[in-house]
Amino acid sequence: KYILQKTSFLYLSLLILITLMIISFSSLPLSLFPSTEKPEVKAWMRFTRTSSEDFHKQYGDEIESKLSQIDNVLEVTGDYYTNGVRYSVLYDWGINTDDAKDEVQNVLSSIESKFPTAWGNFWIWNADGKSGTYVGGIWSKKIPVKKLTEIIDKGLIPQIEQISGVEEAYVIREDRYDLLV
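These figures come from a predicted structure and were not determined experimentally. (Residues numbered from 1 in each chain as written. Predicted model: local features only at pLDDT ≥ 70, side-chain atom pairs only at ≥ 80, totals over all residues. Heavy atoms only, no water.)

(A) Broad picture of the pairing of strand 2 (residues 73-80). Note: strand 2 against strand 3 (residues 84-91), seven bridges, orientation antiparallel. Within the sheet, the bridge partner assigned to Thr 77 lies in strand 3 and is Ser 88. Between strand 2 and strand 3, which follow one another and run antiparallel, lie three residues. (Pairing = 2+ DSSP bridges. Helix = DSSP H or I, 4+ residues; strand = E, 2+ residues; numbered from the N terminus.)

(B) Broad picture of the environment of Gly 78. Take Gly 78: it is sitting in strand 2. In sequence terms Gly 78 and Ser 88 are 10 residues apart; their C-alpha atoms lie 6.6 Å from each other. The residues contacting Gly 78, other than those within four sequence positions of it, are Glu 64, Arg 86 and Tyr 87. (Contact = heavy atoms within 4.5 Å.)

(C) Quick peek at the packing of helix 2 (residues 52-68) against helix 3 (residues 97-112). Relative to each other, helix 2 and helix 3 sit at 150°, their axes nearing to 10 Å. One finds that helix 2 runs roughly antiparallel with respect to helix 3. Judged by the sense of rotation from one axis to the other, the crossing of helix 2 with helix 3 is right-handed. Across the interface between the two elements, Glu 62, Ile 63, Lys 66 and Leu 67 from helix 2 touch Val 104, Val 107, Leu 108 and Ile 111 from helix 3. Per-class residue counts for the contact of helix 2 with helix 3 are six nonpolar, no polar and two charged. (Axes fitted to C-alpha atoms, helices over the stretch in contact; angles between N-to-C directions. Parallel < 35°, antiparallel > 145°, perpendicular 65-115°, else oblique. Left-handed = near helix turned anticlockwise from the far one by under 90°. Nonpolar A, V, L, I, M, F, W, Y, C, P; charged D, E, K, R; others polar.)

Structure below.
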């Protein structure tokens, strides 16, 4: 009977502990959860008037080489598309994602000066499993593109930027008008 009483106390204590853990984890901000993936930084750039093969020959090998030389980088992948390129830079465990993003930004900034100005700059973001990107397209048959862009810039973007956790919000202005948040 003594062992049975101790066992029931143990089970009750364990049940209370598990309940408290569930309550604690359910109210924990996402940023405090442990990483489940190695840090990864991605960069995208749209280019015009060149093929993906020509871009790769002229710039791609140099970019991939310089990104691979960053400390604690495990793998660099370049995906070349008809009108753009995306690089994925995978880091080793324990690397601060903001520092990793800054390192990739520094490398790519040094190379961007060689590009035609019409191409613009790389868009760089952390793909660390704790953040995400939302891309949405907005179009209208009745509102001209210039007016629609004005409405988005003055009305929608400021509201999106006020949402907690939004790092940046902007409109990509090319032949298509996409909202990237």
